[in-house]
Every structure is written in C-alpha cells, then in structure tokens.
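# Notes for the structure review
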Amino acid sequence: MKEHIIKILTDAVTQLQADGDLPGDVTPTVMVERARDRAHGDFASNLAMTLARAARCKPRDLAEKIVAALSTDGGIDKVEIAGPGFINFYLGSDAWHGVVTDILQQAGAYGRSNAGAGQQVQVEFVSANPTGPLHVGHGRGAAYGAAVADLLEAVGCTVHREYYVNDDGRQMDILATSVWLRYLELGGAEFDFPSNGYQGDYVQDIAATLRREHGDDYDHAVSEVFTDLPADAPAGDKEAHIDALIQRTRELLGDNRYRYVFELGLNTILDDIRDDLGLFGVDYQEWYSERSLVESGAVNKAIERLRHSKHVYEQDGALWFRSTDYGDEKDRVLVRDNGQTTYFASDIAYHANKLERGYDRVIDIWGADHHGYVPRVKAALQALGDDPAKLDVLLVQFAILYRGGEKVQMSTRSGEFVTLRQLRKEVGTDAARFFYVMRKCEQHMDFDLDLAKSQSNDNPVYYIQYAHARVRSVFRQLAEKQLEWDRADGLAGMNALGETHEDALLVSLSRYPEVVESAAFNHEPHMLTHYLRELANDFHTYYNAHTFITDDAGLRNARLCLIEATRQVIANGLHLLGVSAPDSM
RNA sequence: GCGCCCGUAGCUCAACCGGAUAGAGCACCUGCCUUCUAAGCAGGAUGUUGCAGGUUCGAGUCCUGCCGGGCGCGCCA
C-alpha cells in the first residue's frame, strides 16, 4: 500500500514536470509514512513541503497541484491537504482485509523480506574473555546482538554470527596459573593466593577436575613455587607478582603440562559459555580463535602490511602504529618492548580478516566502556587500505539491575558477580531476552528484576505472551463447542468486519513488515518490542469488546481469521527476539 | 583537562531521514468476571523535552556554548 502511494505521488510529480509546473531538474525523494494520528488518515506525505523551495511556491499551493495530478484508485477513499502542506491519504477499511490473507498464507514468513538480499553481514558479539562465566553485563550484548542478527536475517541479509575467543593473552595465563594454584591447595598446600588471580569458585571446580583426573601428577612443593618472587600487593606490585608466578608455573610444569592446564581451563569455561548462551537462545555460526590468528601468522602479516603503509615507527623499544594520522588521540603500540604483540595487533589482524572474507558489512557489538577503541581500529583498517565505513561498531550501555528497589551490587574482583546463568534462573530466558532489548542500546538501562519476574499486566513480556495464549485458548473453546473454523469462508467474508477495534488491529498487523525492516536496518530491536506491546494491546482491547465465537458463522470465521493472524504476527515477532510464544499460561 | 554517550510527565522509557496538538507503561483514583483465561478491559492528568543562543516553512531531533550524569583517556584485555 505504501509502495502504491509512493508510486502515484512519483507519477504525479513527473506529470507536473512534463507540464512545466515544476522544474525538471529536481529529483524528489518521495517519503510516505504512517500518519501518527488517525485523524490525519492512514498515510501522509510531506512531499509538497520538501519540494516547495525548488518549485518556488508555497507548500500548500504545491500540494494542491500534486493532488490534482494524482490518480487515486485502488483502495484510496480520499486525499486531503492538511497543516503546513501534508498530503493525507485515507484508505477504505476493505483495503486492509488483504493483510489477513497474506499473514495466514505466509505464516512464519510474514514480515520477512528481501530488502537486504545479497548483503553479506557479519555480526560479532559478546566475545567475553573465557576466563570466567558470563555475567549480566554480557547479557545485554548477547540479547541485543542476537536480535540484531536475527532481524537482519529476516530482511534477507546473509548473517554470520561470530564469537571472538580471546584464547591467547595474558589473562588466559593468569587463569591457567590460578587453576594450578587451586589444584595445589586441593593437595594440601598452603599459601597466599595471588591478589590478581581469578578467585571465583569455578576455578576451584576446574582444579578439582585436574586432581580427579590426574591425582598428584601436577604437584610441586610450595617452596618451589614461591621462592624469590616479587612481593604481592599490598606491600608489592601485584602485576609483577602474577607475571612472575605465571613464568614460574611454566617452568615447573614444562610446556606440555602447562598447555594441558591452560587448555583445561579454557575449554571448561568456553563449554560453559557456549552452554549458557545456548540456553539463552543465542547461537553462533563460528567461534573464532585469537590464537589461530597468531599461529597462522595473520597477526605478523597485518603488522607487516602496516609497516609498508609507512604509518609505523619504533620508539622506546616498541613498535608503534601512528593512528593519529587517522584522527586517533594518540599512537598505539603494536609490539611491546618485550617482543609480545598487543591485543590491538590481534584485533587489527582479526578485522582485516573479516573484510578479506568479503562481508559487505561488519558489525561489532561492544560494551560502551570500549568506545575509545573505535577510532584506532578504524584507523588501522584505513591504513591497510580497507574501507572503515564497512565496519559498524554498536556500543551497548550497561544495565543496572534492581531488586526490591535497590541496586544490585556487582564486584568482579571478588568473584561475587551476578552471572547470566543466575539471571536466567531468576527471571527466565524469555523475560531476560525481552527486557534487555526493550531499550535503545545507547540508552543506560534500569533492569527491574522484580518486574521481569512478575506475572502481571505490568510485565510487558507476559502481556504479549498472554495475548498469544488467549488466541490459542479461543480455538480450544471452539473445539469444545464442536465448532470448526472455516478459514476460506472467513477470508472470503472479511467484509463482515468493520468494528473500530477490528480496523485498528488490521492496521497494526499491516505495519509489522515495516517495523521489522526499520528495526533491522537501524539496529534497533526495541522498536519491535514496542510494536508487539501495542499489537497485544489492540488484541486485548478487541477481546474484551467483542465475542469471537458467535452464532453468525460468517462473522465468526472472519473474526477467527483476524485473531489467528494476530497470533501469527505475535509469534513471529517474539521469535525474532528469542522469546517463546506459549499456547497457554 | 580532552574525547564519546546520555538528559523528555513523580518513576521507567517512545517519538521512524527535521514534520501536524511530544506519546506509552507504571504508580494513583473509579468502574467491569453466572459470557472465548481478570496475567485482561473501560474511564480519569501529568510537560519551559537540562539551560541559552543559532540554522528554516517547521527543532525533542541538526549546529555552538554552558549545566548535570555515565564511560574512556596503559607497552591491560
């Protein structure tokens, strides 16, 4: 319908240009949008206002010319000029009936489109270091990333979901060392656990596995481990202490054993993260290993490419990338004076690799605390001769949890953070997924745990799911009354509909594909959550105002078609958000 | 100090590329269950869009300067 209106408006402008009423050199972009207020009709265009200047006449006068040149047919009841020069289109109620047929025919495919067909998109999200379980801070990135990916897929893009596994850095060495120290403790050793080590219970679980499977094979005397190490905090430097401890661990265990402990820690935690995300309804096409980039030489290759670009220099024993040439605040180190490449160097290689793979668009979803990182990554891509505009970095603000009106305190250092797993158990996957994407990603968010758990109309998740379950319930009642839904009869008799509530519902249903498309291309799943709430509201209102299972078979079948279509759209929308659509509640 | 994000009703948030009288929900008050699930519905009001300028037919939206909050500013990741 919208396309139809755009077409007749475009035709009208062409007509006016041919008649000399409009300059021929202007190429208007015809915008038609849903009227916000139904008093303004169903669709509105601001065409006359945007063209007024080029046409050198008043918007309202131009609007009249356009309307005069308009060929109105196909369901348009009337066209009016209003306000400063809007052209409003009023549709007859039967213009909307076709949407029910569309929905019932297309079922799960209704709302999907090919608007983004041919576009290869990569979405990288969560990518938390595998040094511990995911916490609630990762939850928002997971829910948001999954929704953005699913939305893009719904509009026809080919989407590759990816988790970048930081399996190569110092943090992983700290984890391996922490696991081994806990293992020694389990063998009866006593010492002060390093203040910079990983303290969570999960480390002890991994250590227990090591001891269960390998007995005392990995034991060493405490004196061997801690002799001649720089002091730990508070007296000494905790960083120097842990680095020396890592080195000592490597020496005592030897390459193979150290590797084993390292892998055990990494794999256990990665399995846990994978499992956790899976239960959260978040799945990936690929888990991309940072270590594979290092081992394949891709990191060194990227550094060499930068070196050739002449934006690299040596200073203080380190190798620097002159990112300030591309607007970054300061230059960045690629290779440290100890010869180790930085995380940034891996990340350059990783992003270069993404673009080499031929994606039209690369989307990174990061926590907002990493925003300072964006300019340097884009700078590197530019220096490499890649197009930084292909990279979209979406920054997700943190969510603050509230329970009983109080902020839930989180402290990572003591290991007493709230995990995503705990959140799922407390409020359920459906509520968590929905709540996380209810707000724009750049918006600071308050996550009310009590509300997410509450089974009341305050809770938008239940409100929407309830609408879905209610439709199912109506059909169960129908069966109990020994009646059958004659779908063909209902679709043929849509003219029986015409109540205000029915018109409103039809209009809402017809909007769904537009909402999906808009939410997808703007990377704003919250638009869908708002839409679904409005749709559920339209349904509940209708439900209370009219009886669906009436004695009039024609009316009954038409209404059943309408509510089944509503159910289908709710199910489709919830599915895109990773939320279930229950048959009963 | 510099950079990025945010500031909309008592609270949590919308407002599609700059459009018409800035909208929802919650909280608060009043009604509706012998009738398809009351996890629902109907009715009731709330604004100097942080402040001050600017751009234009039109600004919550764009520009400049302030104020307030968050985050970042490592040879950490």
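Structural data are supplied above this passage.
Quick notes on the rules
- Residues numbered from 1 in each chain as written.
- Chains lettered and ligands numbered in written order.
- Predicted model: local features only at pLDDT ≥ 70, side-chain atom pairs only at ≥ 80, totals over all residues.
- Pairing = 2+ DSSP bridges.
- Helix = DSSP H or I, 4+ residues; strand = E, 2+ residues; numbered from the N terminus.
- Axes fitted to C-alpha atoms, helices over the stretch in contact; angles between N-to-C directions.
- Contact = placed C-beta atoms within 7 Å.
- Near = placed C-beta within 6 Å.
- Nonpolar A, V, L, I, M, F, W, Y, C, P; charged D, E, K, R; others polar.
- Expected span 1.5 Å × (residues − 1).
- Buried ≥ 20, exposed ≤ 12 C-beta atoms within 10 Å, placed from the backbone.
- Core = buried A, V, L, I, M, F, W, Y, C linked by C-beta atoms within 7 Å.

Taken together, the four strands give an open sheet; going across it, the order is β1-β2-β4-β3, and neighbouring strands pair in antiparallel fashion. In this open sheet, the two strands that pair with only one neighbour each are β1 (32-34) and β3 (76-82). Neighbour-to-neighbour, the strand axes of the sheet open up by a mean angle of 25 degrees, direction not taken into account. Note: strand β2 (residues 43-45) against strand β4 (residues 86-91), three bridges, orientation antiparallel. Paired with F43 across the bridge in β4 is F89. Contacts between helix α3 (residues 59-68) and the sheet are confined to β3 and β4, with β3 contributing the most and set at about 160 degrees to the helix.

Close to RNA strand B lie 72 residues; A44, D316, G372, N457 and S473 are nearest. Only β1, α2 (47-55), β4, α6 (170-186), β15 (445-448), α17 (460-480) and α20 (526-545) provide two or more residues apiece to the surface near RNA strand B. Of the residues in the surface near RNA strand B, the class split is 23 nonpolar, 33 polar and 16 charged.

Between the first and last C-alpha of helix α21 (residues 553-576) there are 35 Å, a value that for 24 residues agrees with the 34 Å anticipated at 1.5 Å per step. Along α21, 20 of the 24 residues are buried, which leaves the element largely enclosed by surrounding structure. Two residues or fewer past α21, G578 is found with a positive phi of approximately 75 degrees.

Here E239 shows up in helix α9 (residues 238-279). Residues E239 and G197, 42 residues apart in the sequence, show an inter-C-alpha distance of 9.9 Å.

The step from A233 to P234 runs through a cis peptide bond, and the omega angle for that step is 5 degrees. Assignment of secondary structure puts P234 in the loop between α8 (222-226) and α9. Even without being glycine, H523 reaches a positive phi, approximately 55 degrees. Along the chain, H523 turns up in the loop between α19 (500-521) and α20. Under the C-beta neighbour-count criterion, H523 is labelled partly exposed, with 19 such atoms within 10 Å.

Another point: the nonpolar core. Considering soluble globular proteins, one finds that nonpolar side chains tend to be buried as a cluster. In terms of nonpolar packing, the biggest core is built from 132 residues, with L151, V179 and I570 touching the most fellow members. Dropping the residues within four chain positions of it, V179 is found in contact with V203, I206, A207, L210, V261, L264 and G265. Judged by nonpolar contacts, the second largest core, of 22 residues, contains L16, A44, L62 and I66.

Any functional reading would require information that these geometric values do not contain.
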